[in-house]
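# Observations on the model geometry
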Amino acid sequence: MEFPDAPENPPWESVLEETAAAGYTGTELGPVGYVPEDPEALAERLDRLGLSLIGGVVFQPFHDPSAWDAVRASVERTSRMLAPLGARHLVLIDSIAAERAKHAGDSRSAPRLRARDADGLHGRLTAAARIAAEEYGLLASLHHHAGGFVEFRDEIERAMDALDPQLLGLCLDTGHSLYGGLDPAHLLRSHSARLRYVHLKDLDKRLLRESVREGVGFYEACNRGVFCRLGRGDVDFAAFFRALGEVGYRGWCTVEQDRGPDTLGSPLDDARANRRFLVSQGFLG
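The text that follows walks through the structure, step by step, so that each part is easy to find.

A count of helices and strands for the chain gives 11 helices and 7 strands. Its C-alpha radius of gyration of 18 Å places the chain within 12% of the 19 Å reference for a compact globule of 285 residues. Taking the principal axes of its C-alpha atoms as reference, the chain extends roughly 50 × 45 × 40 Å. The proportion of buried residues among the 285 residues of the chain is 52%. Expressed as a percentage of contacts within the chain between residues at least 6 apart in sequence, the contacts between residues at least 24 apart total 82%.

It is worth spelling out the nonpolar core at this point. In this structure, L42, F62, L92, Y179 and L244 are the most contacted members of the largest nonpolar core, which totals 80 residues. A total of 7 residues in this core trace back to one element, the largest contributor, which is helix α4 (residues 115–136). Setting aside residues up to four positions removed in sequence, F62 forms contacts with W68, V71, V75, L92, I93, D94, L121, R124, L125 and A128.

Another aspect to go through is the side chain of E28. Note on placement: E28 falls in strand β1 (residues 26–28). Notably, E28 is buried but unbridged: the nearest opposite-charge side chain belongs to K201, and the N-O separation is 8.7 Å. Here the side chain of E28 touches Y197 through a polar contact of 2.7 Å, side chain to side chain. When neighbours within four sequence positions are excluded, E28 is seen to be in contact with L53, G55, V57, Y197, H199, T254 and E256.

Taking 1.5 Å of rise per residue, 15 residues should cover 21 Å, and helix α3 (residues 68–82) covers 21 Å from first to last C-alpha, within 8% of that figure. Considered for burial, the residues of α3 that qualify are W68, V71, S74, V75, E76, T78, S79, M81 and L82. Looking at the packing, one finds that the buried side of α3 touches α2 (39–49), β2 (52–60), β3 (89–94) and α4.

Rules used throughout
- Residues numbered from 1 in each chain as written.
- Predicted model: local features only at pLDDT ≥ 70, side-chain atom pairs only at ≥ 80, totals over all residues.
- Heavy atoms only, no water.
- Helix = DSSP H or I, 4+ residues; strand = E, 2+ residues; numbered from the N terminus.
- Rg over C-alpha atoms; globule rule 2.2 N^0.38 Å.
- Buried < 20%, exposed > 50% of the residue type's maximum accessible area, 1.4 Å probe, protein only.
- Contact = heavy atoms within 4.5 Å.
- Core = buried A, V, L, I, M, F, W, Y, C linked by side-chain atoms within 4.5 Å.
- Lys, Arg positive; Asp, Glu negative; His and termini not counted.
- Salt bridge = Lys/Arg side-chain N within 4 Å of Asp/Glu carboxyl O.
- Polar contact = N/O pair within 3.5 Å; in protein donor to acceptor, adjacent residues only side chain to side chain.
- Expected span 1.5 Å × (residues − 1).

As structure tokens, this is what we get:
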């Protein structure tokens, strides 16, 4: 869920209830404005359901200098919700750009930022991470995302080289890794010192190839089910879990499955199936 006012969004109370019903013990905040911005009210609901708040995501156009005031406000509003509830993670995502939307997953055709514009993107990410760390005591991490300007290997490496590792870590997403043509386990090993947080997601490469060939863009690919239940796609989770163990990662992993209004099946059924897969792999007890 990336937009707080999307008409297909279910009530936020239902999302938390189904998260707990599926057997999970933690959750992310969701886009700012979706959940009422009252930490005490949210804390009461989380406590009643036995859920911990792990972190929150700022999905905003960091690539666009004209949007910085709104981006900064989103960073501050999200951080103000997280800090009082004991959450530690603020995930920063450069949202989908108009000029990149139909090139998601296609590194060869996707336009890149010029050096000056990339420097601006990195500067705004740094400013957001500094707000999170210095004003709210949060751990900020950069999430690579299909359709944004931090998607492919060269863009991830460019960002990792440009950004202060003490200030901004890496949120590794297994599904978005594969979407961008990267092996999640290799990406993990390459940047293990920067790893702060993990999103577990699976991806159907056949549907991805179809979506890229037809130029339908990221959101329609999600609607078609490109992100499938864990274990049904092409992410090598056995290799990824081995890599997590090798680097000694002991942090949170959040399960995600991006969907659209026409995606088959119910979110609750998917969430339960995803947890069963993790148990079957020995990743959860």
